[in-house]
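# Breakdown of the fold
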Amino acid sequence: MSGSILAGAPTAASAAATATDAIAPGKPHYVVLDGLRGVAALMVVMFHTFEAYAGGDPTRQIINHGYLAVDFFFLLSGFVIAYAYDDRWPRMGQREFYLRRLIRLQPMVVLGSVIGAALFYFQAGGLFPTIATTPVWQVLLVMLLGCTLLPLPKTFDIRGWDEIHPLNGPAWSLFYEYVANVAYALVLRRLSARALTILAALAAMLLLEVALRGERRDLIGGWSLDAAGLHIGLARLCYPFLAGMLLMRSGWRLPGRHAFAISASLLVVALALPRLGDTPHHWSNGLYDAACVLLLFPLIVAIGAGDKRATGAGVRVARFFGDLSFPLYITHYPLIYVYTAWVVDRQVPARIGAPVGAALVVAAVAIAYASLKLYDEPARRWLSRRLLGHRDR
């Protein structure tokens, strides 16, 4: 998840609302890409909601490939970071770059950790047996450490799922986002297209190795602080981020009408497709995951980036979901913990749990919107004034 990637010149109102986003004022924004990020975030919420009924069996998972949204986010991140900052380094140093990224991401990271702590004890039960015996001081310590986004070792695993952020699981991908940002600032921004292509080819081989030779035959994982978790996490990060940078710098776009509708439809179908193969861990599913990340997702971004007109109702929808995407992604999972514990511990049938799950999605969107307007945007504006001194972002 990354900064704003809207298309078309923003209005005065929208420019004010996004004054702390990555794209500099006066620079065209990719509205369609921003909308795609919002679509992917919504698919993640629905993927996690349905996961409560899968019982750990991937063949039973509805919206089966929703986990690939994370890889799509990394691709968008590489694109927008290169677009926003490649031409600003002569007048921008390392410190300013890091401040800008912290301002863009850190306020919602903090809020996600706080929400996770607030809802922690509501998840106690058979699914999470350690919660009932976890003291409050330990929850508060994990919350504070989670606000820093530093990966936590297993000694801080107060849930039992081997997460580097046990109060808010999806924060793991933000940790890798920061890793990519540091790599960009120190090394990647200086590399030629040829060097980036070589690195991307090597990263593609790593991704294929995880997808086809891993135990699960998919790209799920990356949230554990162990050798396997780091292996998967880096494989999922490196190729998409590098491919996003290359896509931006290459100028390759697929212009055409209805770009948002077409690219969003392709993305939804890709993330919702059922598990492939006649067994839970069939090689064909790993091949599908790899094909999505290596080929389909860059194609979707090229389609979305090709619409420079970006006008009409579709743009307003795209902008809304784009603005909502990061708050939705980083705040929804504490609700998922509560819902999953309720469904599993009480063996809630789908006919009863489905309406509650639908209400959860609505509540997650409402919380995200309130967080955006009442906290995130004001916090980023305040931090920009204090840390950047009203300088042009």
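Figured I'd write up the structure that's included with this text. Given the structure is predicted, the values throughout are model-derived calculations rather than measurements.

Scoring rules and cut-offs
- Residues numbered from 1 in each chain as written.
- Predicted model: local features only at pLDDT ≥ 70, side-chain atom pairs only at ≥ 80, totals over all residues.
- Heavy atoms only, no water.
- 1 Å grid on protein atoms, 1.4 Å probe; cavity = no way out; pocket = protein on both sides within 12 Å on 5 of 7 lines; lining within 4 Å.
- Points joined across faces, edges and corners; volume = space filled by probe spheres on them.
- Helix = DSSP H or I, 4+ residues; strand = E, 2+ residues; numbered from the N terminus.
- Nonpolar A, V, L, I, M, F, W, Y, C, P; charged D, E, K, R; others polar.
- Salt bridge = Lys/Arg side-chain N within 4 Å of Asp/Glu carboxyl O.
- Buried < 20%, exposed > 50% of the residue type's maximum accessible area, 1.4 Å probe, protein only.
- Core = buried A, V, L, I, M, F, W, Y, C linked by side-chain atoms within 4.5 Å.
- Contact = heavy atoms within 4.5 Å.
- Patch = residues over 30% accessible without salt bridge, like charges linked within 9 Å, V, L, I, M, F, W, Y side chains within 5 Å.
- Areas by Shrake-Rupley, 256 points an atom, 1.4 Å probe, with all protein chains shown as cover.
- Expected span 1.5 Å × (residues − 1).

### Description of empty space enclosed by the protein
Tallied over the entire structure, the rule returns two cavities of 30 Å³ or more. In this structure, the largest cavity is lined by Val109, Ser113, Val142, Gly146, Leu149, Leu152, His165, Pro166, Leu167, Asn168 and Ala171. Those elements that place two or more of their residues in the lining of the largest cavity are helix H4 (94-118) and helix H5 (136-148). For the lining of the largest cavity, the class distribution of residues is seven nonpolar, four polar and no charged.

### Regarding the pattern of salt bridges
Applying the stated rule across the entire model yields 11 salt bridges. Measuring nitrogen to oxygen at the nearest pair gives 2.7 Å for the salt bridge that ties Asp71 to Arg236. Of this pair, Asp71 sits in helix H3 (residues 69-85) while Arg236 sits in helix H8 (residues 227-250), and the two are 165 residues apart along the sequence. Both residues of the pair, Asp71 and Arg236, belong to the buried class. A salt bridge links Glu177 to Arg101; the shortest N-O distance between them is 3.7 Å. Residue Glu177 is found in helix H6 (residues 171-186), and its partner Arg101 is found in helix H4; the two are separated by 76 residues along the sequence. For the pair Glu177 and Arg101, one class covers both residues: buried. One continuous salt-bridge network, built from bridges that share partners, spans Arg216, Asp218 and Arg275.

### Examining the nonpolar core
Membership of the largest hydrophobic core comes to 115 residues, with the highest contact counts inside it found for Leu36, Phe72, Tyr184, Tyr239, Leu267 and Phe297. Non-local contacts of Leu267, meaning those with residues more than four positions away in its chain, are made with Leu36, Val39, Ala40, Phe72, Phe297 and Ile300.

### Section: unusual backbone geometry
A positive phi angle is found at Leu149, which is not glycine, with a value near 70 degrees. Mapping Leu149 onto the fold places it in the loop between H5 and H6. Notably, Arg217 is not glycine yet its phi reads approximately 60 degrees, a positive angle. Within the element layout of this structure, Arg217 appears in the loop between helix H7 (193-213) and H8. Taking relative accessible area as the criterion, Arg217 reaches 25% and is therefore assigned partly exposed.

### Quick word on a nonpolar patch on the surface
On the surface, Ile198, Leu199, Leu202 and Met205 cluster together into a nonpolar patch covering about 390 Å² of accessible area. Tracing the backbone shows Leu199 in helix H7. Its relative accessible area of 34% is what places Leu199 among the partly exposed residues.

### Let's talk about helix H12 (residues 333-346)
For H12, built from 14 residues, the straight-helix expectation of 20 Å at 1.5 Å per residue is met to within 8% by its first-to-last C-alpha distance of 20 Å. Along H12, the positions that sit buried rather than exposed are Tyr333, Pro334, Leu335, Ile336, Tyr337, Tyr339, Thr340, Ala341 and Val343. Remark: Gln347 follows H12 within two positions and exhibits a positive phi of approximately 50 degrees.

Fair warning: the whole summary comes from geometry, so function is off the table for now.
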